[in-house]
Amino acid sequence: MSKVFLLGDSTCAAKADGARPETGWGEMFSPYLAEGWSLRNLAVNGRSTRMILLEGIFYDCFWEAEEGDWVIIQFGHNENKPEDYRRTEPYGSFTFNLCYMVDNLAAKGVSCVLASPISRRRFVDGHAQNTHFDYPEAMEAVARQKGIPFVEMTRRTLGELERMGEEESLKWFMNFPAGVYPNYPEGDEDNTHLRPEGAKAVARMMYEGLRDYNLPFLKKD
């Protein structure tokens, strides 16, 4: 059976029971795969492109992937963090890391898709704000350079947050009052990580973006 691998951060990763209802969009993506394809979600919380190389996560994907497989790479949430072990520069180490991964996988006959990070829920004066600086544009530039598919998830999700508005968009994220979920008796105010409704919506948007490229692993709608 052919495989689709996901390399990314916590917005994509599978969650432990103790973190529920937090849900990565990757957990909701399998229904969009065509028959004969399986999903390998290798996304890990808190990671940047630098970390997945240093920790060997990329190489787990590299050695497991076989000719004809696909890898969806989505980063950007942790690239601008102040810690040296995570931080990359948009048009420096970030693009270098992406090129390194794409080129090495291509040498094995494995194809890649680059997907920009999903938006955080941040509103100013009632309007959703982009918090990802130049990373989405830098990733798009790499995709153009390499001639591979690119899914602009930052603008897609930002537009949907703007449409929903400040209050309705709460239902996507881990932002809720006390007493709603057993794992969070005091509630939570997390505007980065998704609840199941948000994860389902993001997985659907990812599918819609990929569908523009008529990729072999996608189920026909």
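These figures come from a predicted structure and were not determined experimentally.

Our next topic: the environment of A16. Along the chain, A16 falls in the loop between strand 1 (2–8) and strand 2 (37–41). Given a relative accessible area of 53%, A16 falls into the exposed group. The spacing of A16 and G147 is 131 residues in sequence and 36 Å in space, taken between C-alpha atoms.

Working note: non-glycine residues mostly have negative phi, and peptide bonds are mostly trans. For the peptide bond that leads from R20 to P21, omega is 20°, which places it in the cis range. Within the element layout of this structure, P21 appears in the loop between strand 1 and strand 2. The backbone of F133 sits at a positive phi, close to 55°, despite the residue not being glycine. Given the relative accessible area of 53%, F133 is considered exposed. Of note in the backbone geometry, N214 takes a positive phi value of approximately 55° without being a glycine. According to the relative accessible area criterion, N214 is exposed, its value standing at 57%.

So, about helix 3 (residues 90–107). Across its 18 residues, helix 3 extends 25 Å between first and last C-alpha, which sits within 8% of the 26 Å expected from 1.5 Å per residue. Along helix 3, the positions that sit buried rather than exposed are P90, F94, T95, N97, L98, C99, M101, V102 and L105. Taken together, the buried residues of helix 3 touch helix 1 (49–54), helix 2 (57–64), strand 3 (70–74), strand 4 (111–115) and helix 4 (135–146). Directly after helix 3, the chain includes G109, whose backbone phi takes a positive value near 80°.

Reading guide: rules and limits
Residues numbered from 1 in each chain as written. Predicted model: local features only at pLDDT ≥ 70, side-chain atom pairs only at ≥ 80, totals over all residues. Heavy atoms only, no water. Helix = DSSP H or I, 4+ residues; strand = E, 2+ residues; numbered from the N terminus. Buried < 20%, exposed > 50% of the residue type's maximum accessible area, 1.4 Å probe, protein only. Expected span 1.5 Å × (residues − 1). Contact = heavy atoms within 4.5 Å.

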